Protein chains: 2
Amino acid sequence: MTFLNEVTTRYPDAISFAPGRPYEGFFEVDSVHTYLDTYLEHLAKDRGMPSERVRTELFQYGRTKGIVHELIARTLEADEDLRVDPEALVVTVGAQEGMLLVLRALFASPRDVLLVSSPCYVGITGAARLLDIAVEFVPEGPGGADPAALAAAATRLRAAGRRPRAFYVVPDFANPSGTSMATEDRHRLLATAAEHDLLVIEDDPYGFFGTDPLPRPTLKALDPDRLVVHLGSFAKTCFPGARLGYVVADQEVVHPDGRRGLLADELAKLKSMTTVNTPSLSQAVIGGMLLHHGFRLREANERSRRFYARNMATLLDCLDAAFPAAERTALGLDWNAPEGGFFAVVTVPFTADDAALERCARAWGVLWTPMAGFHPAGGGTNDLRLSCSCLEPADIAEGVRRLAGFLREAV
Amino acid sequence: MTFLNEVTTRYPDAISFAPGRPYEGFFEVDSVHTYLDTYLEHLAKDRGMPSERVRTELFQYGRTKGIVHELIARTLEADEDLRVDPEALVVTVGAQEGMLLVLRALFASPRDVLLVSSPCYVGITGAARLLDIAVEFVPEGPGGADPAALAAAATRLRAAGRRPRAFYVVPDFANPSGTSMATEDRHRLLATAAEHDLLVIEDDPYGFFGTDPLPRPTLKALDPDRLVVHLGSFAKTCFPGARLGYVVADQEVVHPDGRRGLLADELAKLKSMTTVNTPSLSQAVIGGMLLHHGFRLREANERSRRFYARNMATLLDCLDAAFPAAERTALGLDWNAPEGGFFAVVTVPFTADDAALERCARAWGVLWTPMAGFHPAGGGTNDLRLSCSCLEPADIAEGVRRLAGFLREAV
């Protein structure tokens, strides 16, 4: 991503389909004060804390697993119909810290292998690299993670003496591919995990943002056997600057001395070695936001959902208009049609690498992300990722016009 | 520490010399709003950012190395006479994340060994354990880290085919021992590090809190050869709930392709795999605090320094009064006399373990920390740590009265 950042700096006026950031137009600076006060009032009134105790809660070192776990549990119930023991929640510094903790807790032996869809989010492969954990890639299909490919990979690894331990998956509107899993594939994935003795690490940052307002169930909501460790993030549903995420880790752990505990408590032990605890400031502001919205964060995000849905529709409509079906085929171009989220992928008949990006930025004033970076095992050289999350519709239209010019020139 | 937490819960009315937390009496809830506004005004007025840009700064994903690096650099210059390139700073989620990043960046081969004083802070050994880094312990003297013992350990390790890579040290008022290094020992430590090709990881959370208001120089301030990686923390000088720390990593790194860069940029790459970036909320509030105090954080902490100094004096005076010199010797008791900070150590002629702590809590209503937990290589079984940072002087006096009762009974 270093080159992409550099190009972005060199062409500040380019329209950028690169960053996977949330739209900023709905952020209001003053709301931070309001949310903070809402949380502090909640401590004083709903929880009956005297003012010294409220002060401690905000300023002092806090509970390692977090202080807004009960508020998050209530929100998961209202938004996802997910009933979670608050003690099974660990509040983390973004989902990224959650990934690091989960990988460190689950992977013990050099035989252990993490399975990841390809293409994949760079955060999970980064965390695995930091911890020297072996990763194997499972090709994704147009419908997202592919249970049959996962089964084949697990079988092959086990035959080679390795232990496939867990599968990382973003079931809704994945970064970078934009794909989503059908509900029946979610059931099939869980059956595959059970059969092959795999845990599933579900990462769900974009789940609220379907073009269809009716959501699909999270894997965790379909998981009576506790095979799913669920990672959540408030970066897209509240705001990234709080860096607030969480892990639902309700798996039972049996200690060498026979005592039983929750995976969440193992994650907490590790967290005391990474960040000690998640900033109470961030927890207070996001906690206040959850309270303010009556724990209905999905409802509170309806305006954002419609915005992102319209952006995705604009992006796809403009691509369709620029390259009608026959011409698209003749030129060897294609793209997918994500059902929500921030990302779509365009396939081109030339190498979509840093050099192509540089030409496109210089001559056409438009930026995108080469997909090869999301394929650590190779591949994606003819794909580019377009993110439409933080642009206004008019910029998307102009951006596609410029991109079309570049594509016509480059094919 | 699990047992200690449990005992603390079971004896809520005990006076506790256990937690190494800052005093809460000076925290003011409303100040969070003030500091946040101060920072936002700084962005708008001093840095000329339009309101949309300010909004981005607060809410959006931010620079991996942090957004208040320039404010921290100005503070280090005013407080420590330390001139640091802001680009060599990485703002972290507490000093703990800094430790994790620094260890991951510096330790590559299984031959590499981290040297740590014994007794030592559990955060550094925890981070090393998380990363499977080998640790060797160097006995601390009454004057803190012992350069001669460090040299001996480095020589012994190298002779055994290992690579002593870095030495972790808290030069001022160490946790848990309360010891401080004399200025001449600081020079000697740096000479030893240079001679034995070691880096020094300096952790400095308590430096402002000397009983003598005239500070000693940090190791980093004495380090023209850039042997010192300096970890800073705002947990004690501002407040822990922000979880804000930083690393000064101005070492030059030469890449395989010959390019040169800063260690700080290597830490940033790793940080993108641990927490992506430090919450801008926390950075904004602490940044506002630095601005509010004109970058003179040491001056702003003068009231705290006096408070902690008086508490330490009260603790030592009460111990002296309870056990006059002759009786102290006769009973086989002893304690050190730290020149500042939060901690002192009492040596007793019996095993100061969890069972002793339990008896003391039940019969005498006073808590302390067994020191053995800070000696991972063994030792400290006759020592207990007393923290006097978050108690009022009257509670310290009553706590020592109770402790004296316990000690008379136990010896």
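Residue positions are given per chain, counted from 1 along the sequence in the order it is written. By the order in which they are written, chains take letters starting at A while ligands take numbers starting at 1. The predicted nature of this model means local features are confined to residues of pLDDT at least 70 and side-chain atom pairs, given and counted, to a pLDDT of 80 or more, with totals for whole chains, interfaces and linings taken over all residues. Hydrogens and waters are ignored; side-chain quantities use all the structure's heavy atoms.

Caption draft 1: Quick look at the pattern of salt bridges. For this document, the term salt bridge refers to a Lys or Arg side-chain nitrogen within 4 Å of an Asp or Glu carboxyl oxygen. Summed over all chains, the structure comprises 60 salt bridges over all chains. Here B:Lys65 makes a salt bridge to B:Asp265, at a shortest N to O gap of 2.9 Å. Of this pair, B:Lys65 sits in the loop between helix H3 (51-59) and helix H4 (69-80) while B:Asp265 is found in helix H9 (residues 263-274), placing the two residues 200 residues apart along the sequence. Each residue is placed in one exposure class: buried if its accessible area under a 1.4 Å probe, protein chains only, is under 20% of its type's maximum, exposed if it is over 50%, and partly exposed if it falls in between. B:Lys65 gets classed as buried once you look at its relative accessible area, which sits at 6%. Note that B:Arg226 and B:Asp250 form a salt bridge whose closest N and O atoms lie 4.0 Å from each other. With B:Arg226 in the loop between strand S6 (199-203) and strand S7 (228-233) and B:Asp250 in the loop between strand S8 (244-248) and strand S9 (252-254), this pair connects stretches of sequence that are 24 residues apart. The partly exposed category is assigned to B:Arg226, whose relative accessible area is 45%. On the basis of relative accessible area, B:Asp250 is assigned to the buried category, the value being 13%. Linked by salt bridges that have partners in common, A:Glu6, A:Arg10, A:Glu358 and A:Arg362 make up one network. Note on conventions: DSSP H or I runs of at least 4 residues are helices, E runs of at least 2 residues are strands, and numbering of each starts at the N terminus.

Caption draft 2: Spatial organisation of the UniProt feature "domain: Aminotransferase class I/classII large" (unreviewed entry) in chain A. As recorded in UniProt, the feature "domain: Aminotransferase class I/classII large" (unreviewed entry) lies at residues 58-403 of chain A. Secondary structure over residues 58-403 of chain A splits into 41% helix and 18% strand, and the C-alpha atoms at its two ends are 48 Å apart. UniProt positions are given in the numbering used here, feature names are shortened, and annotations may be inferred rather than shown by experiment.

Caption draft 3: Looking closely at the nonpolar core. Side-chain atoms within 4.5 Å are what join buried Ala, Val, Leu, Ile, Met, Phe, Trp, Tyr and Cys residues into a set we call a nonpolar core. Counting residues in each nonpolar core, the largest one holds 166 residues, and the members touching the most others are A:Leu103, A:Leu114, A:Phe239, B:Leu103, B:Leu114 and B:Phe239. If we ignore the near neighbours within four places in the chain, the residues touching B:Leu114 are B:Leu103, B:Phe107, B:Ile124, B:Ala128, B:Ile133, B:Ala134, B:Val135, B:Glu136, B:Ala166, B:Tyr168 and B:Ile201. Between two residues, a contact is recorded if the distance between any of their heavy atoms is within 4.5 Å.

Caption draft 4: Quick peek at the relation of the copies chain A and chain B. Copies overlap after least-squares fitting; the atoms used are the C-alpha atoms of residues with pLDDT of at least 70 in both. The operation relating chain A to chain B is a screw motion whose rotation component is 180°, with 0.0 Å of axial translation and a residual RMSD of 0.0 Å. Here the copies are linked by what is in effect a two-fold axis. Both copies share a contact surface, since 100% of the interface residues of chain A are interface residues in chain B too.

Caption draft 5: Expanded view of the interface of chain A and chain B. Of the residues lining the interface, 50 residues belong to chain A; the matching set on chain B comes to 51 residues. Here chain A and chain B share 2 salt bridges between them. Between B:Asp132 and A:Arg104 there is a salt bridge, with its nearest N and O atoms 3.7 Å apart. Pairs of N or O atoms are called polar contacts if they sit within 3.5 Å, as long as, within protein, a hydrogen donor faces a hydrogen acceptor (for residues adjacent in sequence, only side-chain-to-side-chain pairs). Taken together, chain A and chain B are joined by 31 residue pairs in polar contact (both at pLDDT 80 or more). Among the elements of the structure, helix H2 (31-46), helix H3 (51-59), helix H5 (94-106), helix H6 (122-130), helix H9 (263-274) and helix H10 (280-292) of chain A are those that each provide at least two residues to the side of chain A that touches chain B.

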